[in-house]
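Chains, contacts and geometry: an overview
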Amino acid sequence: MSKHALLVLLLLVSLSACKDNVAPVKETRYHAPPNPQSVSVLTQHNDNTRSGWNDSEAALTTSNVNVQKFGKLFTMPVDDQLYAQPLVVGRLAIGGATHNVAFLATVNNTVYAYDADDGTLYWQKSFTAPGMRPPTRSDMTGACGGGYVDFSGHIGIVGTPVIDAARSTMYFVARSTTGASFVQHLHAVDLATGNEVAGSPTKITATANGIGDGSVSGVITFDAQRQNQRQALTLLDGIVYVSFASHCDWRPYHGWILGYDAATLQQQVVYNATPDGNSGGMWESGMGMAADAGGNLYVVTGNGSVGDPGVPTDLTNRSESALKLTRSGSTLQVASYFTPWNYSYLNDYDLDYGGMGALLIGNSGYFLTGGKDGNLYLLNKDDMGGYQPSSNNVQQVLTLGRGATMHCQPAYFRGGSKQFVYVWSENSPLRAIPFDPAGNVLNPLGQIIFSGGPGGESGAMLSVSSNGSADGTGIVWASYAASGNAEHEVSPGILRAFDANDVSRELWNNQQNAQRDAAGYYAKFASPTVANGHVYLPTFSNQVVVYGLM
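In this text the structure is predicted, and so the values were computed from the model without any measurement.

**Details of the overall build of the chain**
On a plain count of helices and strands, the chain comes out with 3 helices and 38 strands. Taking 24 Å as the expected radius of gyration for a compact globule of 550 residues, we find that the chain reaches 25 Å, a close match to that expectation. Principal-axis analysis of the C-alpha atoms places the extent of the chain at approximately 110 × 55 × 45 Å. By the burial criterion, 59% of the 550 residues in the chain qualify as buried. Here the analysis covers contacts within the chain between residues at least 6 apart in sequence; of these, 59% occur between residues at least 24 apart. Surface accessibility of the chain: about 19,900 Å² in total, with carbon and sulfur atoms responsible for 50%. Taken together, the 30 basic and 42 acidic charged side chains of the chain have centroids lying 7 Å from each other.

**Focus: the packing of aromatic side chains**
One pass over the structure, following the stated rule, counts 26 aromatic pairs. Taken together, a centroid distance of 5.2 Å and an interplanar angle of 70° make the contact between Tyr353 and Tyr377 edge-to-face. Of this pair, Tyr353 sits in the loop between helix H2 (343-348) and strand E23 (359-360) while Tyr377 sits in strand E25 (residues 375-380), and the two are 24 residues apart along the sequence. Using a relative accessible area of 1% as the deciding quantity, one classes Tyr353 as buried.

**Some thoughts on the nonpolar core**
Of all hydrophobic cores here, the largest spans 38 residues; its most connected members are Leu376, Tyr422, Trp424 and Leu462. Other than its neighbours up to four places away in sequence, Leu376 contacts Met356, Leu368, Thr369, Gly370, Gln396, Val397, Leu398, Leu400, Met406, Val423 and Ile433.

**Regarding the sheet that holds strand E19 (residues 290-291)**
Taken in spatial order, the 4 strands line up as E19-E20-E21-E22 in an open sheet, and their pairing is antiparallel. Pairing within the sheet leaves two strands with one partner each, and these edge strands are E19 and strand E22 (331-338). Two elements, strand E20 (residues 297-300) and strand E21 (residues 322-328), share 4 bridges in a ladder whose sense is antiparallel. Note on E21: the bridge partner recorded for Leu297 is Leu325.

**Quick look at the side chain of Gln231**
Along the polypeptide, Gln231 turns up in the loop between strand E13 (227-228) and strand E14 (234-236). Engagement of the side chain of Gln231 in a polar contact is seen with the side chain of Ser243, the distance being 2.8 Å. With residues up to four places along the chain from it excluded, the contact list for Gln231 reads Gly159, Thr160, Ser243, Met282, Trp283, Glu284, Gly286, Met287, Gly288, Met289 and Val299.

**What about the pattern of salt bridges?**
In a structure, side chains of opposite charge can pair up when their charged atoms sit close to one another. Applying the stated criterion to the full structure yields 12 salt bridges. The shortest N-O distance in the salt bridge between Asp139 and Arg133 comes to 2.9 Å. Assessed through its relative accessible area of 9%, Asp139 is described here as buried. Here Lys372 makes a salt bridge to Asp352, at a shortest N to O gap of 3.2 Å. Of this pair, Lys372 sits in the loop between strand E24 (366-370) and E25 while Asp352 is found in the loop between H2 and E23, placing the two residues 20 residues apart along the sequence. We classify Lys372 as buried; its relative accessible area is 11%. Under the relative-accessibility criterion, Asp352 is labelled buried at 4%. The network of salt bridges with shared partners includes Asp292, Lys324, Lys381 and Asp382.

**Structural notes on the pairing of strand E8 (residues 169-177)**
Regular strands have side chains that alternate between both faces of the sheet. With 9 of 9 residues buried, E8 is to be regarded as a mostly interior element. Neither face of E8 is open: one carries Thr169, Tyr171, Val173, Arg175 and Thr177, the other Met170, Phe172, Ala174 and Ser176, and all of them are buried. Direction of pairing for strand E7 (residues 162-164) relative to E8: antiparallel, over a ladder of 3 bridges. By the bridge assignment for E8, Val162 is matched with Tyr171. Two successive antiparallel strands, E7 and E8, enclose a turn made up of 4 residues, where Ser168 displays a positive phi of approximately 50°. For E8 and strand E9 (residues 182-190), the ladder comprises 9 bridges, and the chain directions are antiparallel. Bridging from a neighbouring strand, Arg175 pairs with Gln184 of E9. Counting the residues that bridge the hairpin from E8 to E9 gives 4 residues, and of these Gly179 lies at a positive phi of roughly 100°.

Each value, and the rule that gives it
- Residues numbered from 1 in each chain as written.
- Predicted model: local features only at pLDDT ≥ 70, side-chain atom pairs only at ≥ 80, totals over all residues.
- Heavy atoms only, no water.
- Helix = DSSP H or I, 4+ residues; strand = E, 2+ residues; numbered from the N terminus.
- Rg over C-alpha atoms; globule rule 2.2 N^0.38 Å.
- Buried < 20%, exposed > 50% of the residue type's maximum accessible area, 1.4 Å probe, protein only.
- Contact = heavy atoms within 4.5 Å.
- Areas by Shrake-Rupley, 256 points an atom, 1.4 Å probe, with all protein chains shown as cover.
- Lys, Arg positive; Asp, Glu negative; His and termini not counted.
- Charge placed at Lys NZ, Arg CZ, Asp CG, Glu CD.
- Phe/Tyr/Trp six-rings, centres within 6.5 Å; stacked < 30°, edge-to-face > 60°.
- Core = buried A, V, L, I, M, F, W, Y, C linked by side-chain atoms within 4.5 Å.
- Pairing = 2+ DSSP bridges.
- Polar contact = N/O pair within 3.5 Å; in protein donor to acceptor, adjacent residues only side chain to side chain.
- Salt bridge = Lys/Arg side-chain N within 4 Å of Asp/Glu carboxyl O.

Structure, rendered in C-alpha cells:
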C-alpha cells in the first residue's frame with residue numbers, strides 16, 4: 001500500500017470513530033436572569049393565619065400572566081408523589097453563594113433542596129429509618145375494611161414541613177416500617193446541607209390518661225401505624241406542633257397534638273382531643289393549624305366523641321368542633337370552642353366538621369371554617385359559640401350546598417377596596433366572597449363566581465399573590481383534578497390563574513398551551529407556592545413544575 005493510500009485509510013477510520021462516539025447532547029438548562037426578589041414561604045399557606053397570600057409579589061400581574069407571556073420554565077424532578085407544599089427560603093447561603101432555594105418532600109421520605117430560580121439541585125437525602133422502608137397503603141390493613149385507597153402508594157412524608165429561618169432548620173415527620181413494626185420520627189435538618197441537627201431525629205411517642213378507645217389500664221398510647229400525620233406542621237413560640245388524624249377512620253385512633261422544643265426536639269406538649277372517647281382527628285385538607293400573635297392555636301376536629309355521655313358541653317372529648325387552644329404547662333386547654341348543633345347527624349352520615357382547611361381572617365378576630373355538610377362557619381375566634389342543642393350560636397353560617405363537601409383549601413386577600421375569602425369546593429363554583437370588616441360578616445350577595453371546576457371528592461387548593469393591595473396585581477391560583485375522583489385515584493391536574501378582584505376573569509391556565517405547560521397528575525391537598533415571580537406546582541408525576549414569565 002502506498003503512503004498516500006495509507007493516509008487516506010487512516011483518515012477514513014478516524015472519521016468513522018468520531019461518528020460512532022459523538023458526545024451526547026447535554027440537556028438544555030433554564031438560565032435564570034438575576035432575581036431581584038427574595039421572599040420566603042416558610043410554612044404551609046405562607047403564615048400562621050393560613051391565608052395562602054403572598055402580598056410581596058412584584059413581578060406577576062394581571063397584565064402579564066397570560067398564555068403569551070407566562071408558562072412553564074423548568075421542572076424539579078423528585079422520586080415520588082408530593083403531598084407537602086413546596087417551601088421557599090430567600091437568599092440562603094448554599095453552594096458557595098446566596099440563592100433562593102425551594103425545599104421539596106416526597107412520600108418516599110426524600111427531601112430535596114433546589115435552586116428556586118434555575119432548578120439546580122443542591123442536595124437530596126432519604127430520611128427513612130435504618131433497616132426500614134416507607135409504609136404503603138397496603139400496610140394499613142384495617143383501613144376502609146382493607147380497601148384503603150386514600151393514598152395510592154407510599155405514605156412517608158405527608159404533612160407539609162415548617163422552617164425556622166432564625167435557626168436555618170426545617171422540621172418534618174417521616175414514617176417508616178418493617179411491615180411488622182411502625183415508627184414516626186420528627187426530623188430537624190440544616191437547610192444548607194440536609195444534615196440532622198443535634199437531637200434529631202426524635203421518635204414520636206405519647207401517652208394520655210383516659211378510658212377512651214384503645215386505652216389500657218386508663219392510659220392511651222400513641223399508635224404510629226394508625227395515626228396519620230396529615231396536617232402541616234406549625235411553629236409557634238419556639239415549639240414545633242405536630243397534629244394527627246387517621247387512615248380512613250381506622251379505630252382505635254385519636255386526635256393528637258404534640259409539641260416539641262424547636263432547639264432540642266424534646267417533647268413539651270401532649271394534647272389528646274378525645275381521651276375518654278374516640279376519633280376526633282385533625283384533617284383540614286392538609287392545611288396546618290392556625291395561630292395568632294397571642295400564642296393561641298386554632299384547629300377543627302373531625303368526627304368522633306363530643307363531651308361526656310349526655311353532656312355535650314363537657315370539654316373532655318371535643319370531636320366535631322372548632323377549638324381555640326392555649327398552652328398550659330405540658331398540655332393544651334380549650335379556651336373557646338364551637339360544635340354544630342347537629343353534630344350527631346353529621347357524625348352518623350360522614351358529614352363531619354373540619355374537612356375544609358381553616359384560616360384566620362387578617363386584621364380581624366374571626367376564624368373561617370367549613371364542613372362536609374356544605375356549610376361555611378364564621379366564628380369569633382375568642383368566643384366561638386360553644387354548643388347549643390337546636391341552633392348554632394356563631395357569627396355566621398353560609399350554605400354552599402350539599403354537593404360541596406369541602407375537601408379544599410380556601411384563601412384570603414385584601415385588595416385596595418375589598419377583602420375576599422376564596423373557596424372552591426368540589427361540585428361547586430369558585431367563589432370570591434367579600435368580607436365586610438365593619439360588620440365582620442361575609443357578603444354572599446356580593447360574591448363573584450367562576451363556574452365549573454373540580455368534581456369527585458377533592459376541591460381546589462388555592463393560593464393568592466399580589467404586590468400589596470395594588471390594583472392589577474392580585475391573582476388567585478387554583479390547582480385541582482381536571483377529571484376523575486382525586487380522593488381515591490390519581491387524576492390529571494390543572495393549574496388556573498384568576499383576577500383576584502374579579503374571579504369571573506380567568507387570566508391563564510396550563511391547558512391553554514398544554515404541550516408547553518401541562519404538569520401531569522394533580523397533587524391532592526398540596527397548594528401551589530407563589531414566590532419571587534415563580535409558581536411552584538407540586539404534582540403526583542414525580543416533579544414540581546415551575547412557572548413564570550417567559
